[in-house]
Amino acid sequence: YAPATLVVVGLGATGDLSRYAACAYIIARAIFSISYWLKIPMIRSLAWLAGKWSGPMWGGEFVATYNAPTGGTLLSFSELRKGGKAAFYEFEVFEAREEGLVFTPYPGGKKKETFKLTSSEAQRAVFENPEKDFPTRIEYHRAEKDRLVITPSGPHHGSDKTETFDLKRVAE
């Protein structure tokens, strides 16, 4: 990466063609910078997820930890604890991409299909991927200051299925 002023000074003295190249470079860098910085607020819109959350689910204790969004990414880790052991775990990546804000789960550490943000409002976000098996829709909702509700839903074996993870904030 060369600062635009150095490009103009370095190339500007060698003729009109170089000045055009320098201008094109400056415009390209500006477009790249603007597009990058515009994505940062998109991921920051999920800052309300940050924290550690826990609640009963599937005969155990479900614990989810969401990091604060940084650099265009929000990372999370979830696990189901049964009998003092992790019965299930999942990593999650929320990130700003060209197509918008997306969420990719890694259940058991293995990448699954990516979900795209389809609706968002204050402390509520809905991600969908109609191409995959259950769930095709995942809604995150900060129902109260210390309460996070995650609702996966979609078709499952010929009928509609909805699960509700009603989680309370845990002191870290």
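Residues numbered from 1 in each chain as written. Predicted model: local features only at pLDDT ≥ 70, side-chain atom pairs only at ≥ 80, totals over all residues. Heavy atoms only, no water.

To locate leftover empty space, one rolls a probe as large as a water molecule over the atoms. Of the volumes computed, that of the largest pocket is approximately 460 Å³. Considering the residues around the largest pocket, the lining is formed by 23 residues, among which Phe88, Glu90, Pro135, Ile138 and Pro152 are closest to the centre. Those elements that provide at least two residues to the lining of the largest pocket are strand 2 (60-66), strand 4 (85-97), strand 5 (100-107), strand 8 (137-144) and strand 9 (147-156). Here the lining of the largest pocket is composed, by residue class, of 15 nonpolar, one polar and seven charged. (1 Å grid on protein atoms, 1.4 Å probe; cavity = no way out; pocket = protein on both sides within 12 Å on 5 of 7 lines; lining within 4 Å. Points joined across faces, edges and corners; volume = space filled by probe spheres on them. Helix = DSSP H or I, 4+ residues; strand = E, 2+ residues; numbered from the N terminus. Nonpolar A, V, L, I, M, F, W, Y, C, P; charged D, E, K, R; others polar.)

Attention shifts here to the pairing of strand 1 (residues 51-57). Counting buried residues along strand 1, five of its seven residues qualify, which places the element largely inside the surrounding structure. When strand 1 meets strand 2, the two strands line up antiparallel, connected through seven bridges. Directly across from glycine 55, in strand 2, lies its bridge partner phenylalanine 62. Counting the residues in the hairpin turn of strand 1 and strand 2 gives two residues, including tryptophan 58, whose phi is positive at 50 degrees. (Buried < 20%, exposed > 50% of the residue type's maximum accessible area, 1.4 Å probe, protein only. Pairing = 2+ DSSP bridges.)

Along the chain, glycine 71 falls in the loop between strand 2 and strand 3 (73-82). A relative accessible area of 59% means that glycine 71 is categorised as exposed.

With that settled, consider unusual backbone geometry. That bond from phenylalanine 134 to proline 135 is cis: its omega, -10 degrees, falls within 30 degrees of zero. Notably, tryptophan 58 is not glycine yet its phi reads approximately 50 degrees, a positive angle. By the secondary structure assignment, tryptophan 58 is in the loop between strand 1 and strand 2. Look at glutamine 123: it is not a glycine, yet its phi comes out positive at around 60 degrees. Secondary-structure assignment places glutamine 123 in the loop between strand 6 (115-121) and strand 7 (124-128). Exposure remark for glutamine 123: the relative accessible area of 34% places this residue in the partly exposed category.

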